[in-house]
Amino acid sequence: MSPTSTATVSAVEVLNKQVANFSVLYMKLHSFHWFVKGPQFFTLHAKFEELYTQAAATLDELAERVLAIKGKPPATLKEQLELASVKEAKGNESPDQMVKALIADYQTIISEIDKGADAADKEGDASTADLLTGLQTTLEKQVWMLQACMG
């Protein structure tokens, strides 16, 4: 596949949106990790650390895929905030609000990557489609676990 093909341009756009989302999500998870309080502190503090560690690995994988297909990932906070669907933490969320925000964020990302995987597959970019499909599966499991946490 040539770097200037329609599939590459589209794949880069899809991936860059998720690079931005995971950049914002990474910081949001750190905020939640730092500021969680109350009876769920030990459970959520550890879970948020696990999730921001996963988010960092996912962010790197997405950005490296962008580079592999000759794109340029958004590498400034300004670019990432402008491009992301995920919004920053406010810093005053309750533990329940934190979990609900993550569920909503993951569901937004799942919807976006589902469409992106379909588009990449139709355009012949099986590697990007596979990457996004695997990510979707991981996030669906996280949503299920976070929803179980909420009762």
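Cut-off values and rules
- Residues numbered from 1 in each chain as written.
- Predicted model: local features only at pLDDT ≥ 70, side-chain atom pairs only at ≥ 80, totals over all residues.
- Heavy atoms only, no water.
- Core = buried A, V, L, I, M, F, W, Y, C linked by side-chain atoms within 4.5 Å.
- Buried < 20%, exposed > 50% of the residue type's maximum accessible area, 1.4 Å probe, protein only.
- Helix = DSSP H or I, 4+ residues; strand = E, 2+ residues; numbered from the N terminus.
- Contact = heavy atoms within 4.5 Å.
- Axes fitted to C-alpha atoms, helices over the stretch in contact; angles between N-to-C directions.
- Parallel < 35°, antiparallel > 145°, perpendicular 65-115°, else oblique.
- Left-handed = near helix turned anticlockwise from the far one by under 90°.
- Nonpolar A, V, L, I, M, F, W, Y, C, P; charged D, E, K, R; others polar.
- Patch = residues over 30% accessible without salt bridge, like charges linked within 9 Å, V, L, I, M, F, W, Y side chains within 5 Å.
- Areas by Shrake-Rupley, 256 points an atom, 1.4 Å probe, with all protein chains shown as cover.
- Salt bridge = Lys/Arg side-chain N within 4 Å of Asp/Glu carboxyl O.
- Expected span 1.5 Å × (residues − 1).
- Phe/Tyr/Trp six-rings, centres within 6.5 Å; stacked < 30°, edge-to-face > 60°.

Asker: Got a minute to help me understand the nonpolar core in this structure?
Answerer: Nonpolar side chains in soluble globular proteins tend to end up buried together. In this structure, Phe22, Leu29, Phe48, Leu62, Leu102, Tyr106 and Leu139 are the most contacted members of the largest nonpolar core, which totals 40 residues. Mapped by element, the contributors of at least two residues to this core are helix H1 (6-35), helix H2 (41-68), helix H4 (95-122) and helix H5 (126-150). Those residues in contact with Phe22, other than ones at most four positions away along the chain, are Ala55, Thr58, Leu59, Leu62, Ile109, Leu135 and Leu139.

Asker: Would you mind showing me how to read the packing of H4 against H5 here?
Answerer: When two helices pack together, their arrangement is given by the angle between the helix axes and by the axis-to-axis distance. Where H4 contacts H5, the two axes come as close as 8 Å, and the packing angle between them is 160°. By the criterion of interaxial angle, the relationship of H4 to H5 is roughly antiparallel. Where H4 crosses over H5, the two elements pack in a sense that is left-handed. In terms of residue class, the contact of H4 with H5 is made up of 16 nonpolar, 7 polar and 5 charged.

Asker: Help me understand a nonpolar patch on the surface, please; the structure alone is not making it clear to me.
Answerer: A surface patch of nonpolar side chains, amounting to about 340 Å² of accessible area, comprises Met27, Trp34 and Phe35. In this structure, Phe35 sits in helix H1. By relative accessible area, Phe35 is classed as partly exposed at 44%.

Asker: Teacher, can you tell me more about H4 here?
Answerer: Residues separated by three or four positions in an α-helix point in the same direction, a consequence of the helix having 3.6 residues per turn. End to end, H4 covers 41 Å across 28 residues, agreeing with the expected 40 Å (1.5 Å per residue, within 8%). Looking one or two residues past H4, Gly124 carries a phi angle of roughly 85°, positive in sign.

Asker: How do you make sense of the packing of aromatic side chains when you look at a structure like this?
Answerer: How two aromatic rings sit relative to each other is set out by the distance from centre to centre and by the angle between their planes. A complete count under the given rule lists 3 aromatic pairs for this structure. Geometrically, the ring pair formed by Tyr26 and Tyr52 is edge-to-face, given 6.0 Å between the ring centres and 85° between the ring planes. Of the two residues, Tyr26 is situated in helix H1 and Tyr52 in helix H2; the sequence distance between them amounts to 26 residues. Residue Tyr26 is classed as partly exposed on the basis of its relative accessible area, which comes to 27%. With centroids separated by 5.6 Å and ring planes inclined at 50°, the aromatic side chains of Phe32 and Phe48 adopt a geometry described as tilted. On the criterion of sequence distance, the pair formed by Phe32 in helix H1 and Phe48 in helix H2 is long-range, its members being 16 residues apart. Judged on exposure class, the residue Phe32 and its partner Phe48 are both buried.

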